[in-house]
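# A closer look at the structure
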Amino acid sequence: MKAIVVSEFGGPERLQLREVPDPQPGPGQLVVRIRAAGVNPVETYIRSGTYASKPQLPYTPGADGAGEVLRVGQGVSRFKAGDRVYTSASLSGTYAEQALCAEAQVYRLAAKASFAQGAALGVPYGTAYRALFGKAHAQPGETVLVHGASGGVGTAAVQLARSRGLTVIGTAGTDRGRGLVLENGAHHALDHHAVDCAEQIAKLTGGAGVNVILEMLANKNLSRDLQMLSKFGRVVVIGNRGTIEINPRDAMGRDATITGMTLFNVSPPELASIHAALGAALETGAIHPVIGQEIPLAQAARAHEAVMADGAYGKIVLVP
Ligand code: NAP
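Residues numbered from 1 in each chain as written. Predicted model: local features only at pLDDT ≥ 70, side-chain atom pairs only at ≥ 80, totals over all residues. Heavy atoms only, no water.

Looking only at helices and strands, the chain features 10 helices and 15 strands. For 320 residues, the compact-globule estimate of 2.2 N^0.38 gives 20 Å, and the chain sits close to it at 20 Å. Judged by the C-alpha coordinates and their principal axes, the chain covers about 60 × 40 × 35 Å. For the chain, the residues scored as buried account for 53% of the 320 residues in total. Considering only residue pairs separated by 6 or more positions, the chain has 65% of its internal contacts joining residues 24 or more positions apart. For the chain, the accessible surface area stands at approximately 13600 Å², while carbon and sulfur atoms represent 52% of it. Taking the average place of the 29 positive charges on the side chains of the chain and the average place of its 26 negative ones, the gap between the two points comes to 3 Å. (Helix = DSSP H or I, 4+ residues; strand = E, 2+ residues; numbered from the N terminus. Rg over C-alpha atoms; globule rule 2.2 N^0.38 Å. Buried < 20%, exposed > 50% of the residue type's maximum accessible area, 1.4 Å probe, protein only. Contact = heavy atoms within 4.5 Å. Areas by Shrake-Rupley, 256 points an atom, 1.4 Å probe, with all protein chains shown as cover. Lys, Arg positive; Asp, Glu negative; His and termini not counted. Charge placed at Lys NZ, Arg CZ, Asp CG, Glu CD.)

The subject of this paragraph is the environment of Arg33. When you line up the elements, Arg33 lands in strand β3 (residues 29-38). Not counting the four nearest positions on each side in its chain, Arg33 is found in contact with Ala66, Gly67, Glu68, Leu70 and Glu97.

Below, the discussion takes up the layout of surface pockets. There is about 180 Å³ of room inside the second largest pocket. Around the second largest pocket sit Arg78, Tyr86, Tyr107, Arg108, Leu109, Ala110, Ala272, His275, Ala276, Gly279, Leu282 and Glu283, which together line it. Listed by contribution, the elements that provide at least two residues to the lining of the second largest pocket are β7 (106-108) and α9 (268-284). For the lining of the second largest pocket, the leading source of residues is α9, giving six residues. Tallied by class, residues from the lining of the second largest pocket come to seven nonpolar, two polar and three charged. (1 Å grid on protein atoms, 1.4 Å probe; cavity = no way out; pocket = protein on both sides within 12 Å on 5 of 7 lines; lining within 4 Å. Points joined across faces, edges and corners; volume = space filled by probe spheres on them. Nonpolar A, V, L, I, M, F, W, Y, C, P; charged D, E, K, R; others polar.)

The domain architecture assigned to the chain consists of domain 1 (2-120 + 289-319) and domain 2 (124-263). Taking the mean C-alpha position of each, domain 1 and domain 2 sit 28 Å from one another. The interface is formed by 13 residues belonging to domain 1 together with 14 residues belonging to domain 2. Of the roughly 1100 Å² buried where domain 1 meets domain 2, counting both sides, 56% is carbon and sulfur surface. Considering only the side of domain 1, the residues that lose the most area to domain 2 are Val290, Ala312 and Tyr313, jointly responsible for 43% of the buried surface there. Summed over the shared surface of domain 1 and domain 2, the result is zero salt bridges. Our count for the contact surface shared by domain 1 and domain 2 stands at two residue pairs in polar contact (both at pLDDT 80 or more). Here the side of domain 1 that touches domain 2 is composed, by residue class, of eight nonpolar, three polar and two charged. (Domains from an automatic or database assignment. Buried area = accessible area lost by both parts, 1.4 Å probe. Salt bridge = Lys/Arg side-chain N within 4 Å of Asp/Glu carboxyl O. Polar contact = N/O pair within 3.5 Å; in protein donor to acceptor, adjacent residues only side chain to side chain.)

A few words on the nonpolar core. Membership of the largest hydrophobic core comes to 49 residues, with the highest contact counts inside it found for Val144, Leu160 and Leu214. Contributions of two or more residues to this core are made by α2 (115-118), α3 (121-135), β8 (143-147), α4 (152-163), β9 (167-172), β11 (210-215) and α9. The leading source of residues in this core is α3, at eight residues. Mapping this core onto the domain boundaries places at least three of its residues in each of domain 1 (2-120 + 289-319) and domain 2 (124-263). Other than its neighbours up to four places away in sequence, Leu160 contacts Tyr125, Ala128, Tyr129, Leu132, Phe133, Leu278 and Ile287. (Core = buried A, V, L, I, M, F, W, Y, C linked by side-chain atoms within 4.5 Å.)

Here we come to helix α7 (residues 218-228). Among the residues of α7, Ala218, Asn219, Asn221, Leu222, Asp225, Leu226 and Met228 are the ones counted as buried. For α7, the buried positions fall inside an angular range of 145° around the axis, keeping them on one side. Of the surrounding secondary structure, the elements contacted by the buried residues of α7 are β8, α6 (197-204), β11, β12 (229-237), α8 (248-252) and β13 (257-260). (Arc of directions from axis to C-beta.)

So, on to the sheet that holds β13. The six strands are arranged β10-β9-β8-β11-β12-β13 in an open sheet whose pairing can be described as parallel. Both edges of this open sheet fall to β10 (188-191) and β13, since each of them pairs with a single strand only. Strand-to-strand, the axes of this sheet are offset by a mean angle of 20°, without reference to chain direction. As paired strands, β11 and β12 are joined by five bridges and run parallel to one another. Considered in β12, the bridge of Val212 is made with Arg234. Against the sheet, α4 touches β8, β9 and β11, its axis set at about 170° to β8. Helix-sheet contacts for α7 involve β8, β11, β12 and β13, and the interaxial angle to β12 is about 165°. (Pairing = 2+ DSSP bridges. Axes fitted to C-alpha atoms, helices over the stretch in contact; angles between N-to-C directions.)

So, in structure tokens, the structure goes:
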């Protein structure tokens, strides 16, 4: 089969298409025929060699994918060959024609979802769901600011929050992105580059501030976020690419909570619960992943450049 292989850490050009042996499932494992693989920013950090935990070289990137079950190993009870599935992690990497997975890394894909949509679920929707409900404990009737609402995690967060009865404010850096934020169900769309973003939030909330902020670029926004929060507000740091100075008094006076999260820390039972909720939301139409770009697997380098570029529009997937 064909797979993207990284033999040395470095730039996007390190993503090389190679012929590799077909994976064979051991006990409790299965092989998925990948029809689409999700591209997440973390995969660019790992490829560059700057991420805290590094895989052993050579490796095939990718956690998210969707397709059909091809082969199952001994003891696999939930799936059989031919089942439509998506993955939230993989033992061998999803930037490939086939991916070896543990049974617990695989979920059934609702018939109404395309494979590209299935490949958008694992990391983005898993992260958005955990941030909103597992970390911020967002409640119906509250107001959430999705700070960075045009990309993979942000579109997921807007749909999930809206379906749960929150008032949703989303930001994007382009007119096209703000259009998407509104189409996804946000009540208001703002420009995160606007100098008066905090004043606009104050106006929209009648001066009270927002109850919850999901932050995609904390090194740019965390200081201002603390000033946009309501009393007892919560900020969840999802994305961060540097350092920032904050005034802790902004948190103190509001009894605010700043919490971080990494999907890698989520326990298997919590992950199973998250995906049970996401599967149901997909079936009822409460969530509907937006695919911005489908890029051939052989052009994985282009996909890594695109996912780090400004002007996000939903999810980027690779198609083998
Ligand atoms: P993505 O699809 O590339 O989207 C990036 C988002 O960040 C876009 O909405 C983009 O908006 C927005 N953005 C750009 N500049 C911003 C600014 N100054 N303020 C606020 N938002 C800004 O990436 P993603 O998959 O949604 O992931 C978002 C971030 O979360 C990444 O840093 C990623 O590494 C991180 N992440 C963390 C976890 C975790 O477990 N903690 C899991 C998944 C992702 P425009 O392009 O419209 O400007």
